[in-house]
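What follows is each chain in one-letter form.
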Amino acid sequence: MKFLHTAPAEILGIGLYKSLTLIGIGIGLWLLLRGIGGKTLWPIILLLVGIFVTIKELMDMMHYTSPMNLVGVGTGAVVVILAIIGTSLPPLILAALGAFIAGKEVMDLLHSG
């Protein structure tokens, strides 16, 4: 019974870092598809996405240092600030943000092996 609480991660053979990377790819694709579809997000959802991106990029910086990590932290911080002031991003910006997040997370996945 000790195995049950860690079963999903152990069965897949991935750790926290790779799990968050896969979640980041999913979030990026979701944002990209929403932007392409002409939809936007509520500021509270943007706040959560911005916090996730910022924390994930800071984790990436602890794993390896890249200028793209700095851009990711800055992007996440800007999204958090925009969400706090109540701004919702236009669909084109949302699609670009989603493409950046998905692309960056794919690069992280390939880099981490």
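The shown structure was predicted, so the numbers you read here are calculated from the model rather than taken from an experiment.

Rules of the game
- Residues numbered from 1 in each chain as written.
- Predicted model: local features only at pLDDT ≥ 70, side-chain atom pairs only at ≥ 80, totals over all residues.
- Heavy atoms only, no water.
- Helix = DSSP H or I, 4+ residues; strand = E, 2+ residues; numbered from the N terminus.
- Buried < 20%, exposed > 50% of the residue type's maximum accessible area, 1.4 Å probe, protein only.
- Contact = heavy atoms within 4.5 Å.
- Areas by Shrake-Rupley, 256 points an atom, 1.4 Å probe, with all protein chains shown as cover.
- Core = buried A, V, L, I, M, F, W, Y, C linked by side-chain atoms within 4.5 Å.
- Salt bridge = Lys/Arg side-chain N within 4 Å of Asp/Glu carboxyl O.

With that out of the way, let us pick up the overall build of the protein. The number of helices and strands found in the protein is 5 helices and 0 strands. Starting at the N terminus and ending at the C terminus, the protein contains elements arranged as α-α-α-α-α. Within the protein, the fraction of its 113 residues that count as buried is 35%. A separation threshold of at least 6 residues defines the contact pool for the protein, and within that pool the share at least 24 residues apart is 77%. When the accessible area of the protein is evaluated, it comes to approximately 6600 Å², of which 79% is carbon and sulfur surface.

Right, let's get into the nonpolar core. Residues Leu31, Leu46, Val49, Leu94, Leu97 and Ile101 are the most contacted members of the largest nonpolar core, which totals 14 residues. Here this core gets 4 residues from one element, more than from any other, and that element is helix α3 (residues 43–63). Residues in contact with isoleucine 101, not counting those within four places in the same chain, are Gly24, Gly28, Leu31, Val49 and Val53.

For the rest of this paragraph, the subject is the side chain of threonine 21. By the element assignment, threonine 21 lies in helix α2 (residues 16–36). For threonine 21, a relative accessible area of 0% gives the class buried. Discounting chain neighbours no more than four positions away, the residues touching threonine 21 are Lys56, Glu105, Asp108 and Leu109.

The next thing to look at is the pattern of salt bridges. Considering all chains together, one arrives at 6 salt bridges under this definition. Linking lysine 56 and aspartate 60 is a salt bridge whose minimum nitrogen-to-oxygen distance equals 2.7 Å. Pair noted here: lysine 56 and aspartate 60 are both in helix α3, with a separation of 4 residues, about one helical turn. The class for lysine 56 is buried, based on a relative accessible area of 1%. Here aspartate 60 makes a salt bridge to lysine 104, at a shortest N to O gap of 3.7 Å. Here aspartate 60, found in helix α3, pairs with lysine 104, found in helix α5 (residues 91–112); they are 44 residues apart in sequence, far enough to count as distant. A relative accessible area of 2% means that lysine 104 is categorised as buried. One network of salt bridges, in which partners are shared, links Lys56, Glu57, Asp60, Lys104, Glu105 and Asp108.

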